[in-house]
Amino acid sequence: MSPSAVATSLLRSSRALPTQSYRFVLLHCNLCFHPLLTALNRVYALSASFYQALILNRLGQTAAPAVVKRSDNMEMGVELGVSVRNQDVFIIQSGSATINDHLMELLIMINACRLASARRITAMCVRLIDLGPDIPYMPYSKQSKKKKARGSITAKLVANMLQVSGVDNIITLDLHNTQIQGFFGKPVDNLLAEPVISQYIHSALREFDSTGSARGCVISKNAGGAKRVTSLADVLQLDFALIHRESNFQAKKKSATGSDITRLSLVGNVKGMICFVVDDIINDIHTFIDTAEHLKRCEAEKVTIVATHGILSREALIEIDGNDAIDEIAITNSYPMPDQMKEITHKLKIIDVSGLLAEAIRRTHNGESISYLFSHVV
C-alpha cells in the first residue's frame, strides 16, 4: 500500500472514531444544594447565595451536592456528592468577611476534585478579598509586593497554595494589580468590569438629563488609579480628572487629634459636571468621602462612587448615607452583600456581572475565546 493510501485510510478511521462529550460540574464552596439534571450538559453546582444562583440561571444549570464539614476544633473537610471523574469542574467561591475560612474551603474543594480525578478544575472566586480561582475578587491581591523590609508577598503565597491544591485555570475580575497573573504558572483569565461600568455610567448620564447634554467626568481618587480612569474615559468619550494627595504636606501637618492632614488638589475641571469616582475596590470609605467633598467644593453637580468590588466593611454604608457630598454609590455584585445591608441607604446601586461570569464559564468549557468579554456587555 502506498504512503498516500495509508494516510487516507488513517484519516477515514479517525473520522469514524466517536467523539467524547464532556460534562462540566459547578461547585460552590459554602453550602450544598440538591442535585438536579439539565437538558443539555449535566451540571452540578453548590450555591449558597443569590449571586451564584444568577450565574447558574444564566447557564441553565443547577447546583451539585457537596458538603463542607467542620469538626469541633474548626478543621474543615469536604465531601463531593457526585462523581467528577473526567469532568470539567468550575468552583465558585463567594467569599465574605471570614476570608481565611473561605480560602481554606476553596483549597480543600480543589484538592478534593483533583483526587477525584477531575479532568480540569477552574476556580472562580466571587470576591475573596484579594485572590483568584473563578475568583471575581482575588484574596490578598493588595499584598502583591513588599511594603516594608520584613514584610511578605501574600498574593504570591496564595497563588502557590492554589497551584499546589491542583487548580488548572483561574478566572477573576478586575485584579487590583494585573502583574499578579505572573504569580501563577497556570492560565489566569482576568475579566474586566469596564464594559458593564461604562454602560452604567452612560445610562446614569441619560437618566440625569434625557436630552444627552449632561457633562460627565471620570475621576481617580489618587494617581495610582489614573490608568483605569483614562481607559474608561476613552471608552465613554468623557473628560477625566484626578485627585492629587500631597504626601509631603501630609507628613508635616497634624490635626488636633494627632492624625495626618492631607491636602487634596484637583487636576482637571469638574465645574457643573456629573462626576464618577472610579476604583476597583471600595472598603474603607474615608478617602472616597474626602474626594467627594473636595469635588463638591470644586462645584461638581453630582458625585457618584463606582467600584467593582464593594466590600464596604464596618459602618461604611451608614457613613455614605449620612454624607451629603456622595449622591450615589454603584458597585457590582462580585462580592455578596446581605439584603439588610442593601436597605441601609437608598444611594446604593448594584451592577450585575453574573452574565459576564456565566459567559466566561461557558466559553472556557467550550474552548472559545474570551477576548470578546473584555469590551462587550453580555
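Up top you'll find the structure we're talking about.
In this text, all values refer to a predicted model and were calculated from it rather than measured experimentally.

### Looking at the packing of helix H3 (residues 99-115) against helix H4 (residues 154-165)
Two numbers describe how H3 lies on H4: the axes approach to 8 Å, and their chain directions differ by 25°. Relative to H4, the element H3 lies roughly parallel. Across from Leu-103, Leu-106, Leu-107, Ile-110, Asn-111 and Arg-114 in H3, the residues of H4 making contact are Val-158, Met-161, Leu-162 and Ser-165. Looking at side-chain class alone, the contact of H3 with H4 contains seven nonpolar, two polar and one charged residues.

### Focus: the layout of surface pockets
By volume, the largest pocket is sized at about 990 Å³. Those elements that provide at least two residues to the lining of the largest pocket are helix H5 (194-208), helix H6 (226-236), strand E11 (274-282) and helix H8 (286-297).

### With respect to the packing of H5 against H6
With their axes 10 Å apart at the nearest point, H5 and H6 run at an angle of 55° to one another. Here H6 runs oblique to H5, going by the angle between their axes. Handedness of the H5/H6 crossing: right-handed. Counted together, Glu-194, Ile-197, Ser-198, Ile-201 and His-202 of H5 and Ser-231, Leu-232, Val-235 and Leu-236 of H6 form the full contact between these two elements. In terms of residue class, the contact of H5 with H6 is made up of five nonpolar, three polar and one charged.

### Observations regarding the nonpolar core
With 39 residues, the main nonpolar core has Leu-191, Ile-197, Ile-201, Val-218 and Phe-276 as its most contacted residues. If you list the elements that add at least two residues to this core, you get helix H2 (50-59), strand E4 (88-93), strand E6 (169-173), H5, H6, E11 and helix H11 (354-366). Residue contributions to this core peak at six residues, all from H5. Discounting residues that sit within four places of it in the chain, Val-218 has contacts with Val-229, Leu-232, Ala-233, Leu-236, Leu-238, Asp-239, Phe-240, Ala-241, Phe-276 and Val-278. One finds Val-158, Val-167, Phe-183 and Phe-184 within the second-largest nonpolar core, a separate group that totals 30 residues.

Cut-offs and rules
Residue positions are counted from 1 within each chain, in the order its sequence is given. Predicted model: local features are reported for residues with pLDDT of at least 70 only, side-chain atom pairs are reported and counted for 80 or more only, and whole-chain, interface and lining totals are derived from all residues. Values reported for side chains reflect all heavy atoms of the structure, with hydrogen atoms and water molecules removed beforehand. In this analysis, axes come from line fits to C-alpha atoms, helices being fitted only over the stretch in contact, and the angle between any two N-to-C directions falls in the range 0 to 180 degrees. Here a strand is any run of E in DSSP of at least two residues, a helix any run of H or I of at least four, and the numbering for each starts at the N terminus. Note on terminology: angles under 35 degrees are roughly parallel, angles over 145 are roughly antiparallel, angles of 65 to 115 are roughly perpendicular, and the others are oblique. Here, two residues are considered to be in contact whenever any of their heavy atoms come within 4.5 Å of each other. For this classification, Asp, Glu, Lys and Arg are treated as charged, while Ala, Val, Leu, Ile, Met, Phe, Trp, Tyr, Cys and Pro are nonpolar and the rest, including Gly, are polar. Using a 1 Å grid laid over the protein atoms alone, points where a 1.4 Å probe fits but cannot get out form a cavity; open sets with protein on both sides within 12 Å along at least 5 of 7 lines form a pocket; any residue with an atom within 4 Å of a point counts as lining. Grid points are joined across faces, edges and corners, and a volume is the space filled by probe spheres set on the points. Whether a crossing is left-handed or right-handed is set by the direction in which the near helix is turned from the far one by less than a right angle, anticlockwise for left-handed and clockwise for right-handed. What makes a nonpolar core is a set of buried Ala, Val, Leu, Ile, Met, Phe, Trp, Tyr and Cys residues whose side-chain atoms join them at distances within 4.5 Å. Accessible area is worked out with a 1.4 Å probe on protein chains only. A residue is then buried under 20% of its type maximum, exposed over 50%, and partly exposed in between.

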